[in-house]
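# Report on the structure
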Amino acid sequence: VKPGSAGSSKSAAGAPEDQQTLLAVLQFLRKNKLTESVEILRREAGLPEDALDTKGADCSAPSSGGTAGGVDGLDAGSLLSRVAVSSSAGTPAPTKVFLGCSAMGVHHLWILSAAVADDQPDVSVVLSAYSQQGDPALYKVYYSDLKKFIESVLDCHRAELSQVFYPLFVHMYLELVYNNHESEAKAFFEKFSGDQECYYEDDLRVLSSLTKKEHMRGNETLLDFRTSKFVLRISRDSYQLLKRHLQERQNNQIWNIIQEHLYIDIFDGMPRSKSQIDAMSGSLAGEAKREANKAKVYYGLLKEPEIEVPLDDEDEEAENEEGKPKKKKPKKDSMGSKSKKQDPNAPLQNRIPLPELKDSDKLDKIMYMKESTKRIRLGRENLPSICFYTFLNAYQGLTAVDFTDDSSLIAGGFADSTVRVWSVTPKKLRKVKSAADLNLIDKESDDVLERIMDEKTASESKILYGHSGPVYGISFSPDRNYLLSCSEDGTVRLWSLLTFTCLVGYKGHNYPVWDTQFSPYGYYFVSGGHDRVARLWATDHYQPLRIFAGHLADVTCTRFHPNSNYVVTGSSDRTIRLWDVLTGNCVRIFTGHKGPIHTLAFSPNGKFLASGATDGRVLLWDIGHGLMVSELKGHTDTVYALRFSRDGELLASGSMDNTVRLWDAAKAFDDLETDDFTAATGHIHLQDNSQELLLGTYMSKSTPVVHLHFTRRNLLLAAGSYAA
Amino acid sequence: MKLFVWPCFVLTAMAEERRQKQCSVTLPTESMKAMAESVGVGQLQEESCVALSEEDALKFMHHGKRRKLTTSDIDNALKLKNVEPLYGFQSQEFIPFRFASGGGRELHFYEEKEVDLSDIINTPLPRVPLDVSLKAHWLSIEGVQPSIPENPPPATKEQQKTESTEPLKVVKPGQEEEGAIQGKGQGATAPDGKGKEKGSIRLKPRSTHELSVEQQLYYKEITEACVGSCEAKRAEALQSIATDPGLYQMLPRFSTFISEGVRVNVVQNNLALLIYLMRMVKALMDNPTLYLEKYLHELIPAVVTCIVSKQLCLRPDVDNHWALRDFAARLMAQCCKTFSTTTNNIQSRITKTLTKSWLDEKTQWTARYGCIAGLAELGPDVIKTLILPRLTVEGSRIKAVMEGSVVSNIDKIGAEHVQSLLLKHCASVIAKIRPQPDTVEQYRTDYGYLGPMLCSHVIKARTQAALQAQQVNRTTLTITQPRPTLSVSQSGLSGSGGPRTPSIIKVPSSLTLMSPRPGTPSQPSPPATKYIVMATSAGTASTQQVITLSSSQSASPVTSTVPSATSTLQPLVKVESGSGPGLAASRPLQKYIVV
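Residues numbered from 1 in each chain as written. Chains lettered and ligands numbered in written order. Predicted model: local features only at pLDDT ≥ 70, side-chain atom pairs only at ≥ 80, totals over all residues. Heavy atoms only, no water.

### Side note on the overall build of chain A
Operational definition: A helix here means a DSSP run of H or I that spans at least four residues, while a strand means a run of E at least two residues long, and both kinds are numbered starting from the N terminus. Using a 1.4 Å probe on the protein chains alone, a residue whose accessible area is under 20% of its type maximum counts as buried, one over 50% counts as exposed, and one in between counts as partly exposed. The contact criterion used is simple: two residues touch if any of their non-hydrogen atoms lie within 4.5 Å. Areas reported here follow the Shrake-Rupley algorithm with a probe of radius 1.4 Å; residue values treat only the protein chains shown as occluding.
Each helix and strand counted, chain A has 24 helices and 31 strands in total. Counting every position in chain A, which comprises 724 residues, the buried fraction comes to 57%. Residue pairs in contact within chain A that sit at least 24 positions apart in sequence constitute 62% of those at least 6 positions apart. Accessible surface, chain A: about 30,300 Å² in total, of which carbon and sulfur atoms supply 51%.

### Some details on the overall build of chain B
In terms of regular secondary structure, chain B is built from 20 helices and eight strands. When the 595 residues of chain B are sorted by exposure, 42% land in the buried category. A separation threshold of at least 6 residues defines the contact pool for chain B, and within that pool the share at least 24 residues apart is 68%. Within the structure as shown, chain B displays about 33,300 Å² of accessible surface, and the carbon and sulfur contribution to it stands at 57%.

### Remarks on the sheet that holds strand β30 (residues 707-710) of chain A
Condition: In this analysis, strands are considered paired if DSSP registers two or more bridges between them. Lines are fitted to the C-alpha atoms to define the axes, a helix being fitted only along its stretch in contact, and any angle between axes, read from their N-to-C directions, falls within 0 to 180 degrees.
Reading across the sheet, the four strands line up as β30(A)-β31(A)-β3(A)-β3(B) and stay open at both edges, with mixed pairing between neighbours. Looking at the sheet topology across the chains shown, the edges are occupied by β30 of chain A together with β3 (133-140) of chain B. In this sheet, adjacent strand axes meet at a mean angle of 25° when their direction is disregarded. By the bridge criterion, four bridges tie β30(A) to strand β31 (residues 716-721) of chain A in an arrangement that is antiparallel. What sits directly across from A:L708, in β31(A), is A:A718.

### A few points about the side chain of B:D56
Following the sequence through the fold, B:D56 ends up in helix α3 (residues 44-63). Judged by its relative accessible area of 5%, B:D56 is buried. In this structure B:D56 touches A:H530, B:A77, B:L80 and B:K81, once residues within four positions along its chain are discounted.

### Description of unusual backbone geometry
Residue and element names in this part refer to chain A. Look at F500: it is not a glycine, yet its phi comes out positive at around 55°. Considering the arrangement of structural elements, one finds F500 in the loop between β12 (491-496) and β13 (501-507). Accessibility expressed as a relative area gives 9% for F500, which makes it buried. Non-glycine residue N658 carries a positive phi angle of around 70°. Relative to the helices and strands, N658 is located in the loop between β27 (650-655) and β28 (659-664). Residue classification places N658 among the buried positions, given a relative accessible area of 14%.

### Digging into the interface of chain A and chain B
So the rule is basically this: Accessible area that two parts lose when put together, evaluated with a 1.4 Å probe and summed over both, is termed the buried area. Any carboxyl oxygen of Asp or Glu within 4 Å of a side-chain nitrogen of Lys or Arg constitutes a salt bridge here. What qualifies as a polar contact is a pair of N or O atoms within 3.5 Å, subject to a donor-acceptor requirement within protein and to the restriction that residues adjacent in sequence count only when both atoms come from side chains.
Every contact between the two is made by 73 residues of chain A and, on the other side, 58 residues of chain B. Between chain A and chain B, a total of about 5,700 Å² is buried, with carbon and sulfur atoms accounting for 57% of that surface. Where chain A touches chain B, the interface holds four salt bridges. Taking the shortest distance from any N to any O, the salt bridge between A:E488 and B:K79 comes out at 3.3 Å. Applying the counting criterion to the chain A and chain B interface returns 16 residue pairs in polar contact (both at pLDDT 80 or more). Elements represented by at least two residues in the side of chain A that touches chain B include exactly α12 (201-208), α16 (274-280), β3 (386-392), β4 (398-403), β5 (409-414), β6 (419-423), β28 and β29 (694-699) of chain A. It is β3(A) that contributes the most residues to the side of chain A that touches chain B, seven residues altogether.

### A closer look at the pattern of salt bridges
Residues and elements named next belong to chain A. Following the criterion strictly, the structure yields 43 salt bridges over all chains and no others. For K358, the salt bridge goes to D479, with nearest N and O atoms at 3.6 Å. One end of the pair, K358, is in the loop between α18 (323-340) and α19 (359-373); the other, D479, is in the loop between β10 (471-476) and β11 (482-487), and 121 residues separate them in sequence. Taking the relative accessible area as the measure of exposure, K358 reaches 42% and is therefore partly exposed. Exposure remark for D479: the relative accessible area of 22% places this residue in the partly exposed category. Here E455 and R430 are joined by a salt bridge, their closest N and O atoms 2.6 Å apart. Here R430 lies in strand β7 (residues 429-432) and E455 lies in strand β8 (residues 453-459), a separation of 25 residues in the sequence. Owing to a relative accessible area of 51%, E455 belongs among the exposed residues under this scheme. Bridged by salt links that share partners, the residues D364, D405, D406, R480, R646 and R712 form one connected network.

### As for α19(A)
In plain terms, the rule: A helix is expected to span 1.5 Å for every residue after the first.
Over its 15 residues, α19(A) runs 22 Å from end to end, which matches the ideal 21 Å to within 8%, given 1.5 Å per residue. For α19(A), the full list of buried residues reads A:D361, A:D364, A:I366 and A:S372.

### Side note on helix α18 (residues 409-433) of chain B
Test applied: Bend at a given residue is defined as the angle between two axes, one fitted to the seven residues that end at that position and one fitted to the seven that begin there.
With 25 residues, α18(B) extends 36 Å between its outermost C-alpha atoms, agreeing within 8% with the 36 Å of an ideal straight helix rising 1.5 Å per residue. Considering bend angle alone, the principal kink of α18(B) is centred on B:C426 and spans about 30°.

### Digging into the UniProt feature "repeat: WD" (unreviewed entry) in chain A
Residues and elements named next belong to chain A. Test applied: UniProt positions are given in the numbering used here, feature names are shortened, and annotations may be inferred rather than shown by experiment.
Mapped onto the present numbering, the UniProt feature "repeat: WD" (unreviewed entry) falls at residues 391-432, 464-497, 506-537, 548-589, 590-631 and 632-664. Spanning residues 464-497, this segment combines 0% helix with 56% strand, and its end C-alpha atoms are found 10 Å apart. In the segment residues 506-537, helix accounts for 0% and strand for 59%; the C-alpha atoms at its two ends are 9 Å apart.

### What to know about the sheet that holds strand β14 (residues 513-518) of chain A
Note on sheets: strands pair through backbone hydrogen bonds, and any given pair is parallel or antiparallel. Residues and elements named next belong to chain A. Strand order in the open sheet formed by four strands is β14-β15-β16-β17, and the pairing between neighbours is antiparallel. The open sheet has two edge strands, β14 and β17 (546-549), and neither has a second partner. If you compare each strand with its neighbour and ignore which way they point, the axes differ by 20° on average. The pairing of β14 with strand β15 (residues 524-529) spans five bridges and is classified as antiparallel. Directly across from D515, in β15, lies its bridge partner G528.

### A closer look at the packing of aromatic side chains
Let me state the cut-off plainly: Two rings from Phe, Tyr or Trp (for Trp, the six-membered ring) form a pair when their centres are within 6.5 Å of each other. A pair whose planes differ by under 30 degrees is stacked, one over 60 is edge-to-face, and the rest are tilted. In this analysis the charged atom, NZ for Lys or CZ for Arg, is taken to sit over a ring once it is within 6 Å of the ring centre and within 35 degrees of the ring normal.
The full count for this structure, using the stated rule, is 31 aromatic pairs over all chains. Relative to A:F525, the ring of A:Y506 lies with its centre 4.9 Å away and its plane at 65°, an arrangement referred to as edge-to-face. Placement of the pair is A:Y506 in strand β13 and A:F525 in strand β15, with a sequence separation of 19 residues. Note on accessibility: A:Y506 and A:F525 belong to one class, buried. With a centroid separation of 5.8 Å and 50° between ring planes, the pair formed by B:Y443 and B:Y447 is classed as tilted. Taken as a pair, B:Y443 and B:Y447 lie in helix α19 (residues 440-447) at a separation of four residues, close to a single helical turn. By the burial criterion, B:Y443 is buried, and B:Y447 matches it. Joined through ring pairs, the aromatic side chains of A:Y143, A:F165, A:F169, A:Y173, A:F188, A:F189 and A:F192 make up one cluster. One cation-aromatic arrangement involves A:K289 over A:Y263; the distance from NZ or CZ to the ring centre is 4.4 Å. Positioned above the aromatic ring of B:W365, the side-chain terminus of B:R368 is 5.6 Å from the ring centre.

In structure tokens form, the structure reads like this:
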């Protein structure tokens, strides 16, 4: 920690506006009794000796957006991450590929980092909002009065107004606790906690453990509630009704809470029904604001590079009879024309810089095209075969699995900190020869790539040691040369699959990293962890390029959009967020899950997203419109794996309940009616057609399904470890 | 510094319970309190801290893709909170915790047996656990799940049961609990879609008994092997019947095969085939995935036939058809035990049938034998109420045969067998219910002709029972501990004297014992004495002290701080005292275990 922070702060000294950060670093160093570093840093930055001492007074004034206010309250982790971010602001340009956007991006990072800090401001400041006193004995009366009122209103308004109950309940309870009315708080909790929707059970449990004012200090859940306003969507009529009632009754206590702690998103039109509300609620901080989903998302696919397919026809003709080549001609044309046309929804080809194709990539693309001509067309009548890879003797230690795109390698992450790679083709895994031996090779020969491999090391599987905690996420690079793994130890590691050694350890998260994934074009990758942020990295930078902050709880899973311009993250706060890689902005927030989200999958055309959570449900989302499209009910336990078939016709889901299920994705998307109203308000009426969409359920023998993958020919591969 | 001693066994136990309802995963506050009290920290602050870290521990459980919360999850969660994790509670997945209550308190505890170190040293090393490996199979082929051993049975026993008892409620696997997550609030919405379903009449689904080509082949192979001449093949086939999970579709065929087979072969007196068929019945009953209730009407008559039939073989004087009767009687008893309910009354119906034919004067000795065997296998109660009162009558009948002059050889053999059967079964029951002493005269008056023989049998049974009791006692004395790794926890600390302070975190992390078993069996085993030395060493800078004794056949001791033991075999004992780095100043308690 020490050299890193010292080094970064040096560069930070260049930027004058980073005085605050510098002070924070000094403060941190001093706190950790690194007096020498303090001295050096102070001298280099040219700060007066008493700068640090006066700092305390400076900070108490909440001047710079809350960043300074909480230095004492901040833990070392978030402080350091702030420093790391700001240091990249100091360097002229983080990377040359980002030259065009660096100024804007960097600026944004700075704001984001401020937001990170904002999440954990000084507790006393946060809580002071609760200090206003009402008669504690009357809280129950207020609440039940409101309850009576809402139960008596017209049916069409009742469902909408009922949304108010939960946030009101929480804030009233916290207010009681904050003002030391312990017994009243307890009575209040017992009386009304049973009324709340069942999906808030987890949060209520945490809340019930808060019974004294002291407990509130340093309680993350509480801070989430206080710092982020609970968002409700209510129609104008319903809202007027509520407002009138509260004003008539002079129920200031409740009115104050609504004013201060809730964000009510008022819309014109019909009030929503109970089922519509239930479909969208459940997240930690209410629904998403409508504005949050208004930004334009370029969900289209990037144009495929034009690659001539050499020798292809000869091969085919040699193998096949005469009929085939004729058929193939038009097909290839159609494919070519499709990729030549620019999709209006696609981002510009150079919106974010992508690595150039290497020769080996082109070869792989050709292989891909060849394979895809042999692809089976799946559908309702044509279900795929499923091949299940069972990890035996893993003793419940299997935590993550990934397949390469061409399905030739499988990697498994284990709780014992190891990563294992298997070859599932007859081709064994080989290391590159040692440097001395490599010198002896004729570098001009055609098969030099073959010659550099050491035959003696050939084996079916290889073990990668390096992490010091359970490995929670794993991802192959598209070119199969690298493997990423992330772990409880707070690092993401990049492994070479040529030497089977660790190349880089990306530090930054400081807390367990739950998931990581390579961009479909390689080079970039994304990671997300317990520190509530997702980070975008490039393999050749040891610091993140972007930090996506906004989730209110752990980022549990991260996925790249097929066009690599967007990243989607799922979180324990039960929301899904879509982030723009270019700007770092959050462009979509999807709410509706009732439990932490554990898996996400984009449809191959980039238009739709599927998500699975601990509540056992799979939700489908339309990215362009920002709408929930369908709800697939059937799993009885956490959904850990989701994958669309290569042509997007089917969705496969795998779960802890030992089943693989196939869903008719094409039908789910076709049935979608997007009239102007739903598009404008985001109020979709979902039909309950899970049973119609469910095409098949396949039980495994006490083997939870951890990963799913469609091969290029649409064979479904599943993986899990046998739990004896 | 805050220190916790976390009784994690309770926690794991809770996690076990939790599997029932995965939605609400919580520790009841009472148990939290109990835990806090048991370790002497009553402060609420710590309690809430622990509660919060439990929340985090669940995250680790979910990401570890497990259903059970483990102690390592708790450790990781504590680490997140910058609280030092607990050392020494590296538990297995299953912790056999026990429960006790008394004095108004309830307590969950982890029973730690006293372990004789020499036992551990002398047990051979367990096998090295197998390495992780990868195995592929077809979960589905073009939408159809093949019935192979890698896949679960197409229908579980419960489903087979509901299918046969409640045909209207057939649920496909995995489709149950539809919409369990639908909030309670949804009850308010009008069930508009459900009106349609109610209107239509639900018909009993047609049950299909079509067999795939593979299944037909399998059926053919299995039945041929079962009644064929090759014993190895038969064993394999029976094994398959007893274990294969996907047989339920073939069950009707199998039961018909058996009942028809018995019918034909009883007429033809083909003893061998009858035995084979009974073995098939046994195998079917052993298969845990089959719901046999539906087919008992075919199986029971077949079995009863094999018990009581007048003639089962061509040469009743030579062939051992008695064994078949015994075997079938045992099957019958097993049947009664597993399938008898108050509605089908199998046991009482069987008992009635057997008693009726036994009481019949004209019944032949062979059938008589079967009846008695069938009844006797049903248990001591049946023997007591039905057989014992008839002993005198049966005795005189046997006497008439044995001592009479004009009897066929067959009758004589039959009578002999009945006699030994009665002696065998009755003796143990009488030994239990009749008070000592056993006098021959008394027995003769009570049981007639069989009395004296019974008497000697009863005496034999009594002495045997006494012997067994002794052996049982002895086995309870020696406690074998199969686990090679044992964690020595705080229980031993009470001996060290002095009050327990809350600051005790010192728990030896693990005591690893590796016992190189002597290669030559001639070597005397080491004396079974053990010394457990507990020492409180004064606070030193280093708290890590490892004593390593090693003396296998070839290697010389690596480090030895203990005087060389008398025995030639020195086990390798490693005592590690795991303490936090921040504890250097405190006085650690250390236990040395020397053998």
